[in-house]
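# Examining the three-dimensional arrangement
Below, each chain spelled out in residue letters.
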Amino acid sequence: MRVRKRSVLPQDLIEVLPIPVFFKARDGKHLGANKAWEAYFGVRRESFIGKTVEDLFSQAPEVATKHRAVDEDLWRNPGTRSYELQVPIHDGSVRHTLNYKATFTDADGKVAGLIGTIIDITERKRAERRHALEYRISRILSESGTVAAAMPRILAAFCESLGLACGARWSMDPKIGAFRCEEAWSVDDPDIATFLAASRQSNYQPGHAGFIRRVLGTGQPVWIVDVGADDSFLRGAEAAKAGLRSAFALPIRLGDQVLGAMEFFHRERRLPDEWLLETGVTIGNQIGHFMARVQAEGELREGEARFRSLTALSSDWYWEQDEQFRVTSMSSRFVERTGIDPAPYIGRKRWELPALNLTESDWERHRAQLERHEPFFDFEIERPGPEGTSVWLSLSGEAVFDEGRRFRGYRGVGTDVTERKRAQGVLRAAYEELARSNAELQQFAYVASHDLQEPLRMIGSYTQLLERRYGDRLDQDAREFMGFIVDGATRMKQLIEDLLAYSRVGTRGKEMRPAQAQAVLDKALVNLRAAVEQSEALVTHDSLPEINADDTQLTQLLQNLVANAIKFRKKNEAPRIHIGVKDAGDEWRFSVADNGIGIEPQYFERIFLVFQRLHTQDEYPGTGIGLAICRKVVERHRGRIWVESAYGEGSTFHFTLPKIQKGET
C-alpha cells in the first residue's frame, strides 16, 4: 500500500523573497505569507491565517469579490492568473496592485491550493493616469487654435479622467478689474448646471480671501474638504445645494505669472490629495504655456511645440520617428529613466539594433503595423543596458499626419518596465521550485507507503511469535515489554493506513452521482451498529434530500462524525445524536449535533488538521485523522465544514453540499 502526503510549500524560500507572497488552501483560507506581505499590509501573519479574503477585506467587499472570483476560476481551471486591483492597506490609503496567482498540487496532482504575489504598481498607475491625462490634454491643445476652444474640452477631460462632478476656469478681466468664470463643464445634472450658470454671471474683486482669490493671489493650489462648512467659500451654500462637497482649485501659470485658475468639485467629501494637486498644477503649467504660445506663434508650428513641451513634463519619455520609421528624437527622460545612451538609436530604425527578446518574425509584425499607420500600445523590447545589464522598455505610439493628411512618421512615449519583468521572473522561479518540491514529496510518499508497512508487520508478527513460543520462559516484565512492542507496531500500522485513507480522498474517489442521503446515513449506521448498541446511543435525523456525491466517501463522512459523537460522550450520559439538514439556497447545510463533552473555541480550526489530537491515547484512542478526512471529503464535494460548540455542552458539526443542478441528474 502507498501513502501520499499533501505537498508542503517551501516557506523558507518564500520568506526571503522581497515581494509580498501568500498562499492559501483549496478552501480559500490563508495558510501563510512572507515578511514582505506582512510589512506591506501592516497585518501580522498570525491574525489572518485561516481567514478568507472576505475576512481580510471586510471593509472593502468589492476587493474580496474580485479576489474570490479569480480564486474560483483557478479552482475550475488550474494554472496561473494575473489581474490588477485597488486594495486598502493599514495606513488608510488605497494602492494599485498587480496580482499574480498560481495553483499548486498535492502529491497526486490534485489542486491543493494556490500561491500568489502582489506587486505594488501605484506609482506606475499614477504615472499612466497622469500621462493619459496629460496626453489627452496635449492633444486638445495641439488641435485647438484658441483658449476658448480648448478649455471646455480640457475641463471635460480632467473631470472625466478623475471622476469629478464639474469644473470651471476663472481669469482676471483687466477691463473691469475683477475675475470671472470663463468656461465650465459638468456631468448631466440640472442642479450643478444651475450652480455653474450662477457662477458665470458673477464677478469677484481681487484679494487673498475666498477660494479663487487665494489661488490667483498666491499662485498655489487650494483644497476645501467640505464647501458647505467653509465660511471662506462665498458660493459654499449654492455648491452644497447642488450636491457638491469637496473642491480644489489650481493655478494656471506661466513661470511666476498667474494667468488664471481652474476649480473642480467632488460629489463626495474628500481629504486633500497631494498627487492630484501636483498633477493639476503640472497641467495648469501646461495650459499656461499653451495660452502664452497661442498669443505669440502660428497654430501649426505651436501645435508641435506645445506637444513637445507638455510631454517633456511626463514621468516617462517622449520619442519621434520620421516617415521612414527612423528615430529622430527622444526626450531627456530616456537616459534618466534607463541609463541608456540614446545617441546610437537616433537616425536608426528600431529593429536595426539588438532587442534580446524579439525574433525576426516579431519585428516583421511590428513593421507591418507601422506600414499600416496603426497606433500600437505596450510594445515590449529588452535592450542591452549599462554595465552588462538589460532594460525592458514598453513603447506606445501613434501615426502623425500633416494638414494634408500626409503621413509624417510616429510619435509616442516609452516606459521602463524592468522592475515588473524581474518580479514576474521571481514568481516563475518560485513556482518552478514548488513543482520540484512536490515531486520530491511524491517520492517520499511512495517510500512511506511501501517501505514502512512491511517492517512494522514483521515487528508485530515476530514479537507475537516469540511470545507464543517462549512465553513460559519470560518473566512478567519481558511479556509486558513485548506487549508494548506489539501495541506500538499496531498503532503505527493504523497510523499509516489512516494516512493512506486521507491521501486517497482526492485520488481514489468515485464519480459524483445522484444519491439519497438517507441511504448513505443508513449504511453508516449499519457500520457503527456495535458502537451504537454498546453506548446506548440514540441517533435521530431529519428527512434527508437527494444529493450529487460519491456515496462511499459520504458514508465515511457521516460515519466519522457519528463515531466521534459516540467516542467523545459524557461518562454518565448516553449519546444523543441528531443529523439535520436545511435548505441554504444553492446548497444543503447538514449538521451532526451531539450532547457530548464539547470543544473549546480555540480548537475549532485545529481539530480539522492531520494528527491534531486534543486528548491522550489513553483517554480517547485514535490517530487524529478522522476529522481531517471529513474536511477533505467535504472539500472534494465543493462544500465547507465547521464546528459550533461550548465545552461541556455538546458539539454541532456543520457541512454544506451543493444542490443537484439542472442537467446533473
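On a predicted model such as this, the values are computed, not experimentally measured, just so you know.

Criteria and thresholds
- Residues numbered from 1 in each chain as written.
- Predicted model: local features only at pLDDT ≥ 70, side-chain atom pairs only at ≥ 80, totals over all residues.
- Heavy atoms only, no water.
- Salt bridge = Lys/Arg side-chain N within 4 Å of Asp/Glu carboxyl O.
- Helix = DSSP H or I, 4+ residues; strand = E, 2+ residues; numbered from the N terminus.
- Buried < 20%, exposed > 50% of the residue type's maximum accessible area, 1.4 Å probe, protein only.
- Pairing = 2+ DSSP bridges.
- Disulfide = S-S within 2.5 Å.
- Arc of directions from axis to C-beta.
- Contact = heavy atoms within 4.5 Å.
- Axes fitted to C-alpha atoms, helices over the stretch in contact; angles between N-to-C directions.
- Polar contact = N/O pair within 3.5 Å; in protein donor to acceptor, adjacent residues only side chain to side chain.
- Phe/Tyr/Trp six-rings, centres within 6.5 Å; stacked < 30°, edge-to-face > 60°.
- Lys NZ or Arg CZ within 6 Å of the ring centre and 35° of its normal.
- Core = buried A, V, L, I, M, F, W, Y, C linked by side-chain atoms within 4.5 Å.

## Points about the pattern of salt bridges
- Under the counting rule described, the total for this entry stands at 43 salt bridges.
- Between Arg640 and Glu587 there is a salt bridge whose closest N-O contact spans 2.7 Å. Of this pair, Arg640 sits in the loop between α20 (626-636) and β22 (641-645) while Glu587 sits in strand β21 (residues 587-593), and the two are 53 residues apart along the sequence.

## What to know about the pairing of strand β15 (residues 390-401)
- Counted residue by residue, β15 has 10 buried out of 12 residues, so it is predominantly covered.
- Pairing geometry for strand β14 (residues 376-384) and β15, over seven bridges, is antiparallel. Bridge assignment links Ile381 to a residue of β15, and that residue is Leu393.
- Hairpin geometry of β14 and β15 is characterised by an intervening segment of five residues between the two adjacent antiparallel strands and by a positive phi of about 55° at Glu387.
- Both β15 and strand β16 (residues 407-416) contribute to a ladder of nine bridges, which runs antiparallel. Each residue of the ladder has a partner; that of Leu395, found in β16, is Gly414.
- A loop of five residues connects β15 with β16, the two strands running antiparallel in sequence, and Arg405 in this loop sits at a positive phi of about 60°.

## Re unusual backbone geometry
- For His373, which is not glycine, the phi dihedral falls at a positive 60°.
- At Asp378, a position not held by glycine, the phi torsion is positive, near 55°.
- Relative to the assigned elements, Asp378 resides in strand β14.
- With relative accessibility at 55%, the residue Asp378 sits in the exposed group.

## Points about the state of the cysteines
- Counting across every chain of the model gives zero disulfides.
- Unpaired in terms of disulfides, Cys166 finds its nearest cysteine sulfur in Cys159, a separation of 6.6 Å.
- Residue class for Cys166 comes out buried when judged on its relative accessible area of 0%.

## A closer look at helix α17 (residues 517-527)
- Residues of α17 that are buried include every one of Ala517, Val520, Leu521 and Ala524, and no others. End-on view of α17: buried residues confined to an arc of 95°, all on one side of the axis.
- Tucked inside the fold, the buried residues of α17 contact β17 (513-516), β18 (538-541), β19 (546-549), α19 (551-567), β20 (576-583) and β21.

## What to know about the sheet that holds strand β12 (residues 317-321)
- If you walk across this open sheet you meet the five strands as β13-β12-β16-β15-β14, and the pairing is antiparallel. Only two strands of the sheet have a single partner each, and these edge strands are β13 (327-330) and β14. Averaged over all adjacent pairs, the angle separating strand axes in this sheet is 30°, with direction ignored.
- In this fold helix α13 (residues 360-371) packs onto β12, β14 and β16, with an angle of close to 140° to the strand it touches most, β14.

## Re the side chain of His654
- Note that His654 resides in strand β23 (residues 651-658).
- Polar contacts involving the side chain of His654 include one to the side chain of Glu644, which spans 3.2 Å.
- The residues touching His654, leaving out its near neighbours within four places in the chain, are Phe590, Ser591, Arg640, Ile641, Trp642 and Glu644.

## A few points about the packing of aromatic side chains
- The final tally for this structure, using the stated rule, is 24 aromatic pairs.
- Ring geometry for Phe158 against Phe264: centres 4.4 Å apart, planes inclined by 15°, an arrangement best described as stacked. Of the two residues, Phe158 is situated in helix α6 (residues 147-162) and Phe264 in strand β11 (residues 257-265); the sequence distance between them amounts to 106 residues.
- Accessibility expressed as a relative area gives 0% for Phe158, which makes it buried.
- Given a relative accessible area of 0%, Phe264 falls into the buried group.
- One aromatic cluster in this structure is built from Trp319, Phe325, Trp351, Trp363, Phe376, Phe379, Phe401, Phe407 and Tyr410.
- Seen from the ring of Trp588, Lys659 lies directly overhead, with NZ or CZ sitting 4.8 Å from the centre.

## Description of the nonpolar core
- Ranked by size, the top nonpolar core spans 38 residues in total, and within it Phe590 and Phe655 carry the most contacts.
- When residues of this core are traced back to their parent elements, those giving at least two are α17, β19, α19, β20, β21, α20, β22 and β23.
- With seven residues, α19 is the largest single contributor of residues to this core.
- Discounting residues that sit within four places of it in the chain, Phe655 has contacts with Leu557, Leu558, Leu561, Trp588, Arg589, Phe590, Val592, Val634, Arg640 and Ile641.
- Core analysis: the second largest hydrophobic core is formed by 27 residues, Met151, Leu162, Ile283 and Phe290 among them.

## Quick notes on the sheet that holds β18
- Strand order in the open sheet formed by five strands is β18-β20-β21-β23-β22, and the pairing between neighbours is mixed. Bordering the open sheet on either side are β18 and β22, each of which pairs with just one other strand. Pairwise comparison of adjacent strand axes, ignoring direction, gives a mean angle of 15° for this sheet.
- Across the sheet, α19 is in contact with β20, β21 and β23; its angle to β23 comes to roughly 170°.

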